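What the coordinates show
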Amino acid sequence: MKRILQLFATRWLARTPLGLIVLGIGWWIMRKRRADREGRAPGMREPGRGPRDPSMYRGPSDRGRRRSRVS
């Protein structure tokens, strides 16, 4: 039932340019919320950001060094 009401509301709003702007803003907000809920993908994380446990040994820091690309 919710999907049907969304469909009718979307079709009604899409009839005017102002309605299309409202739909675009709503789409953008929902997209941001969905991305925040899912979190970042593991490949998208910044390097060097690990667990915050101070007792955990993380090894020597490689800051300032260039990483060699192995293919």
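Residues numbered from 1 in each chain as written. Predicted model: local features only at pLDDT ≥ 70, side-chain atom pairs only at ≥ 80, totals over all residues. Heavy atoms only, no water.

Our focus in this paragraph is the overall build of the chain. Assigned secondary structure in the chain consists of 2 helices and 0 strands. Across the 71 residues that make up the chain, the buried fraction comes to 1%. Taken as a whole, the chain presents about 7800 Å² of accessible surface, with 58% of it coming from carbon and sulfur. (Helix = DSSP H or I, 4+ residues; strand = E, 2+ residues; numbered from the N terminus. Buried < 20%, exposed > 50% of the residue type's maximum accessible area, 1.4 Å probe, protein only. Areas by Shrake-Rupley, 256 points an atom, 1.4 Å probe, with all protein chains shown as cover.)

Below, the discussion takes up a nonpolar patch on the surface. Together, L18, I21, V22, I25, W27, W28 and I29 give the surface a local cluster of nonpolar side chains, amounting to about 740 Å² of exposed area. Relative to the elements of secondary structure, I29 occurs in helix α2 (residues 17–38). (Patch = residues over 30% accessible without salt bridge, like charges linked within 9 Å, V, L, I, M, F, W, Y side chains within 5 Å. Salt bridge = Lys/Arg side-chain N within 4 Å of Asp/Glu carboxyl O.)

Here helix α1 (residues 2–13) contains 12 residues, and its C-alpha end-to-end distance of 16 Å stays within 8% of the 16 Å for a straight helix at 1.5 Å per residue. Little of α1 sits inside the fold, with 0 of its 12 residues counted as buried. (Expected span 1.5 Å × (residues − 1).)

On the surface, K2, R3, R33, R34 and R37 cluster together into a positively charged patch. Those elements giving two or more residues to the positive patch turn out to be α1 and α2. For the positive patch, the element with the highest residue contribution is α2, accounting for 3 residues. Secondary-structure assignment places R37 in helix α2. (Lys, Arg positive; Asp, Glu negative; His and termini not counted. Charge placed at Lys NZ, Arg CZ, Asp CG, Glu CD.)

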